Amino acid sequence: MKSEIGSIPVFVTAAESASFSQAAEKLNVTRSAVAKTISRLEERLGVTLFQRTTRTQSLTDEGSLYYEYCRRALNEIKTAEDILEGGKMQASGKLRVSVPVLLGHLCISPLLSTLTKEHPGLTLEMSFSDRQVDLPEEGFDMAVRIGALADSSSLIARKLASHTMVFCASPEYLQRAGEPASSEELKHHAAIAYIHSGRVLKWRVKNERGEMTEMIPPARIMMDDMQAVKDVAISGGGIVWLPYWLVREQLVDGSLKEILKNQSSGSWPVYAVWPRTPHLSLKVRLAVDKLVSELPSMMATVEAGI
């Protein structure tokens, strides 16, 4: 019975691979071991599961039907294991997380890294990218995303914190060009703009009547990297509109100065998202709980420390 059950993962891996050789690499066994397991399984079932040639392999109709049920069975087993794991205090296995580059480096990574200290059996793999990854397709357990989320029935989301913006510039620039006292005066200043998804990010600002408006930054310098935008601002290049958490240290040490404190109105939610499953695995639940409990205070400290 043990050998029969053990053949199921081999069959599923082979069905999801381009060849027995590729399946063997995934399973860390030899190609002949995969071929013998499939042959024994076909003999036991009395059907041919694969159509094989020297160059290709594909499932037969019987093989496709058997794969559908085997895949479902393995998913159910994984769900059962997750349920059982949820009753333990210690998480284990690999947690793959996709995070935005700068927010990930400065805020998310320090928090999630502590999980590996608290749970010795847990391995953390973080991918830093500003593109929106396909979680199931690319094998991620969860992701952190900034801004409004697209409708998706395949994902679950939980709000973590708010991503609040600030206008600032270097003291050198403000001494040279003067400090704007209103949103209207921004139009007469040099700006360094951030490009997101191929477009210049518009500044959101309150006018003299307290109404929230949008404006295109009067910029001659535009960059698709917020760190580079900040660096140019520190060197005296002009006014920027950046997240508090990114410019915290510079606002504290004086290399940047906040301006128009009562007129900046940019704020976006920060979410954790993960694939919809019947039961949330312990490692994802712990990661989300960690971020929910500690990320807001971390970002609030940034603003309170200014």
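Chains are numbered independently. Their residues run from 1 in the order of the written sequence. Local features are withheld for residues below a pLDDT of 70 in this predicted model, meaning they are given only at 70 or higher, and side-chain atom pairs are given and counted only at 80 or more; totals for whole chains, interfaces and linings count all residues. Hydrogen atoms and water are omitted, and side-chain values are computed over all heavy atoms in the structure.

Chemist: Just to check I follow, could you spell out the overall build of the chain for this structure?
Modeler: Helix and strand definitions follow DSSP, with helices as H or I runs of at least four residues and strands as E runs of at least two, each counted in order from the N terminus. For the chain, the count of helices and strands is ten helices and 14 strands. Note that the radius of gyration is over C-alpha atoms, with the globule rule given as 2.2 Å times the number of residues to the power 0.38. Compactness check: the chain gives a C-alpha radius of gyration of 26 Å against a globular reference of 19 Å for 306 residues, more than 25% above the reference. When accessible area is computed with a 1.4 Å probe and restricted to protein chains, residues below 20% of their type maximum are described as buried, those above 50% as exposed, and intermediate ones as partly exposed. By the burial criterion, 41% of the 306 residues in the chain qualify as buried. Any two residues having at least one pair of non-hydrogen atoms within 4.5 Å are treated as being in contact. Restricting to contacts in the chain with at least 6 residues of sequence separation, those with at least 24 account for 72%. Here the chain has roughly 16,700 Å² of accessible surface; of this, 51% comes from carbon and sulfur atoms. Computed with the Shrake-Rupley method and a 1.4 Å probe, the accessible areas treat only the protein chains shown as cover for residues.

Chemist: Which parts of the structure should I look at to understand the environment of G63?
Modeler: Inspection of the secondary structure assignment puts G63 in helix 4 (residues 61–86). Each C-alpha atom of the pair G63 and T48 lies 7.1 Å from the other, and the pair is 15 residues apart in sequence. Once residues within four sequence positions are removed from consideration, G63 is found in contact with F11, T48 and L49.

Chemist: What should I look at first to understand helix 2 (residues 20–27) in this one?
Modeler: Taken together, the buried positions of helix 2 are occupied by F20, A23 and A24. Axial view of helix 2: buried residues confined to an arc of 105°, hence all on one face. Residues of helix 2 that are exposed and angled more than 90 degrees away from the buried face: E25 and K26. Immediately downstream of helix 2, the backbone of N28 shows phi near 60°, a positive value. Taking the helix axis as origin, the arc is that swept by the directions to the C-beta atoms.

Chemist: Any chance you could explain the packing of aromatic side chains here in plain terms?
Modeler: Two descriptors summarise a pair of aromatic rings, namely the distance from one centre to the other and the angle between the planes of the rings. Working definition: a ring pair exists when centres of Phe, Tyr or Trp rings (six-membered ring for Trp) sit within 6.5 Å. Plane angles under 30 degrees give stacked, over 60 give edge-to-face, the rest tilted. One pass over the full model with this rule turns up six aromatic pairs. Consider the rings of F11 and Y66, whose centres lie 5.2 Å apart with planes at 45°: the pair is tilted. Residue F11 is located in helix 1 (residues 2–15), and its partner Y66 is located in helix 4; the two are separated by 55 residues in the primary sequence. Owing to a relative accessible area of 0%, F11 belongs among the buried residues under this scheme.

Chemist: Which parts of the structure should I look at to understand unusual backbone geometry?
Modeler: Most peptide bonds adopt trans geometry, and most residues besides glycine take a negative phi value. Residue N28 is not a glycine yet carries a positive backbone phi of 60°. Along the chain, N28 turns up in the loop between helix 2 and helix 3 (31–45). The backbone of L260 shows a phi angle near 50°, a positive value even though the residue is not glycine. Structurally, L260 can be placed in the loop between strand 13 (257–259) and strand 14 (267–275).

Chemist: Looking at this structure, I do not really get the sheet that holds strand 8 (residues 199–200). What am I missing?
Modeler: Pairing between sheet strands relies on hydrogen bonds along the backbone, with the strands arranged either parallel or antiparallel. A sheet is described by the order of its strands in space; here three strands give the open sequence 8-7-11, paired in mixed fashion. The sheet terminates laterally at strand 8 and strand 11 (219–223), the two strands that pair on one side only. In this sheet, strand 11 lies alongside strand 7 (residues 191–196) in parallel orientation, the contact comprising four bridges. Within strand 11, the position partnered with Y194 by the bridge is M223. Lines are fitted to the C-alpha atoms to define the axes, a helix being fitted only along its stretch in contact, and any angle between axes, read from their N-to-C directions, falls within 0 to 180 degrees. The sheet strands contacting helix 8 (residues 226–234) are strand 7 and strand 11, and the helix crosses strand 7 at an angle near 180°. Note on pairing: two strands pair once DSSP finds at least 2 bridges between them.

Chemist: Help me out: how do you make sense of a nonpolar patch on the surface in this one?
Modeler: Taken together, V200, I216 and M222 make up a surface patch of nonpolar side chains, about 270 Å² in accessible area. Structurally, I216 is set in the loop between strand 10 (212–215) and strand 11. Any residue with relative accessible area above 30% and no salt bridge may belong to a patch, with like charges joined within 9 Å and the nonpolar Val, Leu, Ile, Met, Phe, Trp and Tyr side chains within 5 Å. We define a salt bridge as a side-chain nitrogen of Lys or Arg found within 4 Å of a carboxyl oxygen belonging to Asp or Glu.

Chemist: Just checking my understanding: could you explain the pattern of salt bridges for this structure?
Modeler: Pairing between side chains of opposite charge can happen when the charged atoms of each approach one another. All chains considered together, the criterion is met by twelve salt bridges. When the shortest N-O distance is used, the salt bridge between K94 and E125 registers 3.2 Å. Residue K94 is found in strand 3 (residues 93–99), and its partner E125 is found in strand 4 (residues 122–128); the two are separated by 31 residues along the sequence. A residue is classified by how much of its surface remains accessible, and E125, at 30% relative accessible area, is partly exposed. Among the ionic contacts, a cluster of salt bridges with common partners joins K94, R96 and E125.

Chemist: Sorry, what's going on with the nonpolar core here?
Modeler: As a rule of thumb, soluble globular proteins bury nonpolar side chains together. We call a set of buried Ala, Val, Leu, Ile, Met, Phe, Trp, Tyr and Cys residues a nonpolar core when their side-chain atoms join them within 4.5 Å. Counting 44 residues, the largest nonpolar core has L103, I108, L112, M142, V144, L291 and L295 as the members making the most contacts within it. Counting residues per element, this core draws most heavily on helix 10 (residues 282–304), at eight residues. The residues touching V144, leaving out its near neighbours within four places in the chain, are S98, V99, P100, L103, I108, L160, V270, Y271 and L291. Listed in part, the 16 residues of the second largest apolar core include A191, W203, M215 and I239.

Chemist: Would you mind going over the side chain of E42 with me for this structure?
Modeler: Along the chain, E42 falls in helix 3. For E42, a relative accessible area of 10% gives the class buried. For E42, the residues in contact, after removing those within four places along its chain, are V47, T48, L49, F50 and R52.

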